[in-house]
Amino acid sequence: DVVKIDGHDFEDIESAFSRFHANHGTGKPTCILMKTTKGKGVSYMENNASWHGKAPNDEEYVKGMSELAEARKVLEV
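Just so it is clear, the structure is predicted and the values come from calculations on it, not from any experiment. (Residues numbered from 1 in each chain as written. Predicted model: local features only at pLDDT ≥ 70, side-chain atom pairs only at ≥ 80, totals over all residues. Heavy atoms only, no water.)

In this structure, what is going on with the pattern of salt bridges? I would like to understand it.
Opposite charge on two side chains permits pairing when their charged atoms draw close. Scanning the model with the defined rule gives four salt bridges in all. A salt bridge links Lys73 to Glu70; the nearest nitrogen and oxygen atoms lie 3.2 Å apart. Of this pair, Lys73 and Glu70 both sit in helix α2 (residues 58-76), three residues apart, which is roughly one turn of the helix. Judged by relative accessible area, which is 47%, Lys73 ranks as partly exposed. The class of Glu70 is partly exposed, set by a relative accessible area of 46%. Note that Glu76 and Arg72 form a salt bridge whose closest N and O atoms lie 2.8 Å from each other. Of this pair, Glu76 and Arg72 both sit in helix α2, four residues apart, which is roughly one turn of the helix. (Salt bridge = Lys/Arg side-chain N within 4 Å of Asp/Glu carboxyl O. Helix = DSSP H or I, 4+ residues; strand = E, 2+ residues; numbered from the N terminus. Buried < 20%, exposed > 50% of the residue type's maximum accessible area, 1.4 Å probe, protein only.)

Looking at this structure, how should I read unusual backbone geometry?
Among all residues save glycine, negative phi is the norm, and among peptide bonds the norm is trans. Positive phi, normally seen in glycine, also occurs at Asn47, with a value near 60°. Here Asn47 is to be found in the loop between β2 (31-35) and α2.

What is the right way to look at the side chain of Asn23 in this model?
Its place among the elements puts Asn23 in helix α1 (residues 10-23). The exposure class assigned to Asn23 is buried, which follows from its relative accessible area of 12%. Once residues within four sequence positions are removed from consideration, Asn23 is found in contact with Asp1, Lys28 and Thr30. (Contact = heavy atoms within 4.5 Å.)

Below you can see the structure in the form of structure tokens.
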């Protein structure tokens, strides 16, 4: 059972895990493929492959964490 989802959509993720649990014990394996965007939510990292395996400096870290904190506020509403 292959489930393809938007890896940034929490409802999709929850649904995929529900499907996995429904298959548990049936002997039918489940594969969840999550389509994601590298660096999602951090303006200078999003879709920028040069950040793969690279750590931000102190200034970049503060900016990135600030942007992620703002995105989190939206999710918590």
